[in-house]
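# Topology and contacts: notes
As a plain string of letters, each chain reads:
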Amino acid sequence: MEILQISDFHYRRQYPEAEDGYYTIFKRMTNPLTQFREAFKGEWKKNLSLVLICGDLTENGDAEDYANLQQELKRALGDLPFVVTLGNHDNKEAFRTGWKGAPKEKVYGWTEELPEVFVISLDNSEKGYDNGLLTTEHCKWLEEILISAPCKKKKILMMHHHLIFDYETPIPELKYPAKFVEILRKYPVDMILAGHTHSRTIGVFEGICYATCGSLSFKGEQLREGNVSFVEDSSMNLCKLEDNFISVKKIQVTKEKKELTILRM
């Protein structure tokens with residue numbers, strides 16, 4: 001089974017105008033949907049069964065941004081199923097309004113059962129917590145889902161915020177209660193997928209295969225004296241799940257880096 005992992009679209013139909021600060025990143029950036037459409041023309045996609053999008057769907061978008069992004073993804077992916085989670089740049093109220101089929105009440109996540117795999121989308125985003133929030137209530141929800149999950153299917157846990165420190169970025173990893181690890185030891189999943197860092201990390205978390213992927217928007221590269229160079233360097237992950245083997249291959253989207261802006265962080 002082949003699964004495409006995407007993260008960090010930071011999509012808007014129209015980005016705010018800015019002469020300085022964070023939003024200058026988007027002045028020279030290629031629209032993420034354009035990046036995705038071009039990448040999806042490749043032959044590598046012919047055996048795909050599923051697409052998982054690990055958060056930051058929009059850049060604090062409105063309901064129409066979410067509706068448009070969903071429509072464009074459906075147009076590009078055709079019959080391919082896709083599952084999303086939310087990130088710290090997402091607007092939950094706008095998502096609930098604009099994304100067809102989104103839960104209308106506060107929830108800790110949702111699931112998708114397919115013939116070969118059971119996907120758990122854990123929403124650990126919370127306003128005011130840029131690096132995510134994982135509480136005992138999240139854990140209680142996750143435990144209930146895993147207890148009732150189909151035992152003969154591969155299980156994938158997807159979330160936005162990363163669990164393993166990434167040496168390419170100073171962004172701190174998600175803090176989690178001990179209960180989270182206890183649950184995964186008792187009811188293990190086959191793979192954990194995350195985003196947030198805009199860079200690729202492959203590793204093992206509590207004996208579980210773990211991967212973050214690059215973004216479809218921008219990447220921050222640390223310079224001296226607290227400066228960060230933001231560049232257009234987009235990529236995705238192609239994950240292959242076989243009986244006793246999992247592999248993760250990088251799919252490069254941009255052909256060359258393009259500097260967008262330099263900010264002091």
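Below: a short report on this structure. This one's a predicted model, so the numbers in the text were calculated from it and none came from an experiment.

Once that is clear, we can look at the overall build of the protein chain. Across its full length, the protein chain holds 6 helices and 14 strands. In summary, the protein chain has a C-alpha radius of gyration of 18 Å against a globular reference of 18 Å for 265 residues, a match within 12%. With the C-alpha coordinates of the protein chain rotated into their principal frame, the extents come out at 50 × 40 × 35 Å. Put simply, the protein chain has 265 residues, and 53% of those count as buried. Sequence-distant contacts in the protein chain: of pairs separated by 6 or more residues, those separated by 24 or more amount to 71%. Taken as a whole, the protein chain presents about 12700 Å² of accessible surface, with 47% of it coming from carbon and sulfur. The protein chain carries 35 positive and 40 negative side-chain charges, and their two centres are separated by 3 Å.

We now examine the pattern of salt bridges. Applying the stated criterion to the full structure yields 17 salt bridges. Of the charged contacts, one joins arginine 13 and aspartate 62 as a salt bridge, the two residues approaching to 3.0 Å between their closest N and O atoms. Taken together, the residues span a long stretch of sequence, with arginine 13 in the loop between strand 1 (2–6) and helix 1 (25–28) and aspartate 62 in the loop between strand 2 (48–54) and helix 3 (63–77) at a distance of 49 residues. We classify arginine 13 as partly exposed; its relative accessible area is 39%. What makes aspartate 62 partly exposed here is its relative accessible area of 33%. Between lysine 27 and glutamate 19 there is a salt bridge, with the nearest N and O atoms lying 3.8 Å from each other. On the accessibility criterion, glutamate 19 (69% relative accessible area) is exposed. Salt bridges here are not isolated pairs; linked through shared partners, they connect Arg12, Arg13, Asp62, Glu64 and Asp65.

Let us look at the sheet that holds strand 9 (residues 208–212). Spatial ordering of the open sheet is given by 4-5-6-7-9-8, a layout of 6 strands whose pairing is mixed. Two strands lie at the open edges of the sheet, namely strand 4 (109–113) and strand 8 (201–205), each paired on one side alone. Each strand of the sheet is rotated relative to its neighbour by a mean of 20 degrees, with strand direction disregarded. Note: strand 6 (residues 154–158) against strand 7 (residues 191–194), 3 bridges, orientation parallel. When the sheet's bridge partners are listed, leucine 157 is paired in strand 7 with isoleucine 192. Along the sheet, helix 5 (residues 136–148) makes contact with strand 4, strand 5 (117–122) and strand 6, crossing strand 5 at roughly 170 degrees. Taken strand by strand, helix 6 (residues 178–186) contacts strand 5, strand 6, strand 7, strand 8 and strand 9, and its axis lies near 80 degrees from that of strand 8.

Here we take up the environment of leucine 77. In this fold, leucine 77 is placed in helix 3. With a relative accessible area of 6%, leucine 77 lands in the buried category. Each C-alpha atom of the pair leucine 77 and leucine 50 lies 9.6 Å from the other, and the pair is 27 residues apart in sequence. Residue contacts for leucine 77: discarding those within four places in its chain leaves Phe36, Phe40, Val51 and Phe82.

A few words now on the packing of aromatic side chains. Within the structure shown, the criterion is met by 18 aromatic pairs. For the pair tyrosine 22 and phenylalanine 26, a centre-to-centre distance of 5.5 Å together with 80 degrees between the ring planes defines the contact as edge-to-face. Its relative accessible area of 24% is what places tyrosine 22 among the partly exposed residues. On the basis of relative accessible area, phenylalanine 26 is assigned to the buried category, the value being 6%. Measuring from ring centre to ring centre gives 5.9 Å for phenylalanine 26 and phenylalanine 218, while their planes differ by 80 degrees; the resulting arrangement is edge-to-face. With phenylalanine 26 in helix 1 and phenylalanine 218 in the loop between strand 9 and strand 10 (219–222), this residue pair connects regions lying 192 residues apart in the sequence. Both residues of the pair, phenylalanine 26 and phenylalanine 218, count as buried.

Moving on: the side chain of serine 121. Among the structural elements, serine 121 can be located in strand 5. There is a polar contact of 2.8 Å between the side chain of serine 121 and the backbone oxygen of valine 84. A distance of 3.2 Å separates the side chain of serine 121 from the side chain of threonine 85, its partner in a polar contact. Beyond its immediate sequence surroundings of up to four residues, serine 121 is in contact with Val83, Val84, Thr85, Tyr108, Gly109, Trp110, Trp141 and Met158.

Rules used throughout
Residues numbered from 1 in each chain as written. Predicted model: local features only at pLDDT ≥ 70, side-chain atom pairs only at ≥ 80, totals over all residues. Heavy atoms only, no water. Helix = DSSP H or I, 4+ residues; strand = E, 2+ residues; numbered from the N terminus. Rg over C-alpha atoms; globule rule 2.2 N^0.38 Å. Buried < 20%, exposed > 50% of the residue type's maximum accessible area, 1.4 Å probe, protein only. Contact = heavy atoms within 4.5 Å. Areas by Shrake-Rupley, 256 points an atom, 1.4 Å probe, with all protein chains shown as cover. Lys, Arg positive; Asp, Glu negative; His and termini not counted. Charge placed at Lys NZ, Arg CZ, Asp CG, Glu CD. Salt bridge = Lys/Arg side-chain N within 4 Å of Asp/Glu carboxyl O. Pairing = 2+ DSSP bridges. Axes fitted to C-alpha atoms, helices over the stretch in contact; angles between N-to-C directions. Phe/Tyr/Trp six-rings, centres within 6.5 Å; stacked < 30°, edge-to-face > 60°. Polar contact = N/O pair within 3.5 Å; in protein donor to acceptor, adjacent residues only side chain to side chain.

Without other data, these values stay purely geometric and don't point to any function.
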